[in-house]
Amino acid sequence: PLDYTELLTTIQSSSNNDNVEIVATRVAPLPRTEWIKVAKQLPTKDFVDANLSVKKTLDWYFDAMEVGLAELWAEGGEDCEICVMGHSIGGWVARAYP
């Protein structure tokens, strides 16, 4: 998305300063409209009991992450090192990624 263009450009340019080669950057293909899927868990007993399954609640987000990761592995090879970054609730979700 356009709002991440500056962040990706900054990451790419910083590789020259840190003696680290950054080959590629990606934003998971996750439109903001997808977040409404979290709401379907709100009227459930699991939500009320604070017993939501991470996989059941966030599977759609993990699928988007897999698409982005697959693109990076295709470009850099299966042995390339990948750093996953998340912003705001995306950071919380990224830490929950299996």
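Given the structure is predicted, the values throughout are model-derived calculations rather than measurements.

Along the backbone of the protein chain there are 5 helices and 0 strands. Mapped from its N terminus to its C terminus, the protein chain presents α and β elements in the order α-α-α-α-α. Here the C-alpha radius of gyration of the protein chain, 16 Å, is well above what a compact globule of 98 residues would show, namely 13 Å. C-alpha atoms of the protein chain, sized along the principal axes, occupy 50 × 30 × 20 Å. Burial status across the protein chain gives 18% buried among its 98 residues. Of the roughly 7300 Å² of accessible surface on the protein chain, 56% is carried by carbon and sulfur atoms.

Glancing now at helix α5 (residues 89-96). The set of residues buried in α5 consists of G90, G91, V93 and A94. One face of α5 carries all of its buried residues, which in axial projection span an arc of 165 degrees. The secondary structure elements touched by the buried residues of α5 are α4 (54-76).

As a further point, take the nonpolar core. Counting 9 residues, the largest nonpolar core is built from L30, L58, W60, Y61, F62, A64, M65, V93 and A94. Contributions of two or more residues to this core are made by α4 and α5. No other element matches the 6 residues that α4 contributes to this core. A64 has contacts with A28, P29 and L30, leaving out every residue within four places of it along the chain.

Taken as a whole and judged by the stated rule, the model has 4 aromatic pairs. Look at W35 and W60: their rings are 5.1 Å apart centre to centre, the planes differ by 85 degrees, and that puts the pair in the edge-to-face class. Highlighted residues: W35 in the loop between α1 (5-14) and α2 (36-39) and W60 in helix α4, separated in sequence by 25 residues. Looking at W60, the relative accessible area reads 7%, which means it is buried. Judged by centre distance (5.8 Å) and plane angle (75 degrees), the rings of W60 and Y61 are edge-to-face. The exposure classification of W60 matches that of Y61, with both residues buried. By way of ring pairs, the aromatic residues W35, W60 and Y61 are connected into one cluster.

Cut-offs used in this document
Residues numbered from 1 in each chain as written. Predicted model: local features only at pLDDT ≥ 70, side-chain atom pairs only at ≥ 80, totals over all residues. Heavy atoms only, no water. Helix = DSSP H or I, 4+ residues; strand = E, 2+ residues; numbered from the N terminus. Rg over C-alpha atoms; globule rule 2.2 N^0.38 Å. Buried < 20%, exposed > 50% of the residue type's maximum accessible area, 1.4 Å probe, protein only. Areas by Shrake-Rupley, 256 points an atom, 1.4 Å probe, with all protein chains shown as cover. Arc of directions from axis to C-beta. Contact = heavy atoms within 4.5 Å. Core = buried A, V, L, I, M, F, W, Y, C linked by side-chain atoms within 4.5 Å. Phe/Tyr/Trp six-rings, centres within 6.5 Å; stacked < 30°, edge-to-face > 60°.

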